[in-house]
Amino acid sequence: NPETELMRAQCFRQLRDMKRRDAALELAKRYGASRQAVQSEITLGKIQSGELGAEASNQFDELLEAGISPDHISASYIGSAIARKNPQLAAVLVDAWERGSPNHPHVFFLRGVLCTLSEDSDGARAAFEKSLAIEPRHESARLALAQMDEAENQIAAAIDRFLPLAEAHPENVLIASGFARSLRKAGRLAQAKSVLELLASQPNVLSMVAFEM
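Residues numbered from 1 in each chain as written. Predicted model: local features only at pLDDT ≥ 70, side-chain atom pairs only at ≥ 80, totals over all residues. Heavy atoms only, no water.

1. Concerning the side chain of S177
Operational definition: The helix and strand labels rest on DSSP assignments: H or I over at least four residues marks a helix, E over at least two residues marks a strand, and numbering proceeds from the N terminus. For this analysis, residues touch if any pair of their heavy atoms sits within 4.5 Å.
Counting through the fold element by element, S177 comes out in helix α11 (residues 173–185). When sequence neighbours within four positions are dropped, the list of residues in contact with S177 reads L196, M208, V209 and E212.

2. Brief notes about the environment of S118
We apply this condition: N or O atoms closer than or at 3.5 Å make up a polar contact, with two conditions inside protein: a donor-capable atom paired with an acceptor-capable one, and, for residues adjacent in sequence, both atoms drawn from side chains.
Within the secondary structure, S118 sits in the loop between α7 (105–117) and α8 (121–134). Among the polar contacts listed, one links the side chain of S118 to the backbone oxygen of C115, at a separation of 3.0 Å.

3. With respect to helix α10 (residues 155–168)
Condition: Under the convention used throughout, the expected extent of a helix is 1.5 Å for every residue step, that is, one less than its residue count. Here the bend at each residue means the angle between axes fitted to two seven-residue stretches, the one ending at that residue and the one beginning there. Type-normalised accessible area, obtained with a 1.4 Å probe on protein chains alone, sets the label of each residue: buried when under 20%, exposed when over 50%, and partly exposed for intermediate values.
The first and last C-alpha atoms of α10 sit 20 Å apart over 14 residues, in line with the 20 Å expected at 1.5 Å per residue. Of all the bends in α10, the greatest reaches close to 30° and is centred on F162; the proline P164 follows between one and four positions later. Every buried residue belonging to α10 is among I155, A158, I159, F162, L165 and A166, and all of these are buried. Where α10 is buried, its residues touch α9 (139–151) and α11.

4. Some words on unusual backbone geometry
Most peptide bonds take the trans configuration, and most residues that are not glycine carry a negative phi. You will see that R16, though not glycine, has its phi angle at about 55°, which is positive. With respect to the element layout, R16 can be found in the loop between α1 (2–14) and α2 (18–30). Backbone geometry at E119 places phi at a positive 60°, although glycine is not the residue there. Relative to the helices and strands, E119 is located in the loop between α7 and α8. On the basis of relative accessibility, which here comes to 74%, the residue E119 falls in the exposed class.

5. Overview of the environment of S140
Mapped onto the elements, S140 comes out in helix α9. Judged by its relative accessible area of 14%, S140 is buried. For the pair formed by S140 and R181, sequence separation is 41 residues and the distance between their alpha carbons is 18 Å. Ignoring anything within four residues of it in the chain, the contact list for S140 reads Q14 and F109.

6. What about the packing of aromatic side chains?
Put simply, the test is: What counts as a ring pair is set by centres within 6.5 Å for rings of Phe, Tyr and Trp (its six-membered ring), and what kind of pair is set by the plane angle: stacked under 30 degrees, edge-to-face over 60, tilted for all other angles. Counted as over-ring charges are cases with an Arg CZ or a Lys NZ within 6 Å of the ring centre that also lie within 35 degrees of the ring normal.
Scanning the entire structure with this criterion turns up 3 aromatic pairs. Positioned over the ring face of F108 is K130, at 5.7 Å from the centre of the ring.

7. Section: the pattern of salt bridges
Here is the rule: Only one rule defines a salt bridge in this text: a Lys or Arg side-chain nitrogen within 4 Å of an Asp or Glu carboxyl oxygen.
Taken as a whole and judged by the stated rule, the model has 16 salt bridges. For R8, the salt bridge identified is with E5, shortest N-O distance 2.9 Å. Residue R8 and its partner E5 are both found in helix α1; the two are separated by 3 residues, about one turn of the helix. For R8, a relative accessible area of 37% puts it in the partly exposed group. Between R161 and D149 there is a salt bridge; the shortest N-O distance is 2.6 Å. With R161 in helix α10 and D149 in helix α9, the pair connects residues that are 12 residues apart, well separated along the chain. Overall, R161 belongs to the partly exposed group, its relative accessible area being 25%. With relative accessibility at 1%, the residue D149 sits in the buried group. Sharing partners across several salt bridges, the network here consists of R125, E129, D149, E152 and R161.

Listed below in structure tokens is the structure:
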């Protein structure tokens, strides 16, 4: 049904898997989703990626009137500030969101992202762990911690974090590449290759997959 596919599209957007997000939107349209609902999700994606730039502010009221969750809108605008390399604005927006939703796991996840950008690895790890303490299934925080473990050569810990993510999302490029890289560092070359085979066999292989293969 259209509601399920719109929800799926939102999930893929959060996982930065826009190819599968677009496929879910196509199904939503086929199942009868309203034009406004589809367009709202497309707009959120453009805001989150920074594509709309300063024009993003013009979309806020329209998204609210369309019934989009204020939390979804807040996260997209913070993502926009990060994508546009404006961490000061992102921090202000995170503070504002936290005042309205003090225990929202994604608030702490985005604080972790900002700490990562300022090279505060201890602050980032603490924020991501706080996000998981509130919502243990927060996959973006789990992925961020896996990436941190791999970057800091805590390979066994990275593999443990990547494994359930890779099993749930075998076609996610960020997850597959990070998992394969961790396995390669551990000397598990055959397993690393098997993680990448599905993505490497597709017609348009992304550079990070080809490089890691």
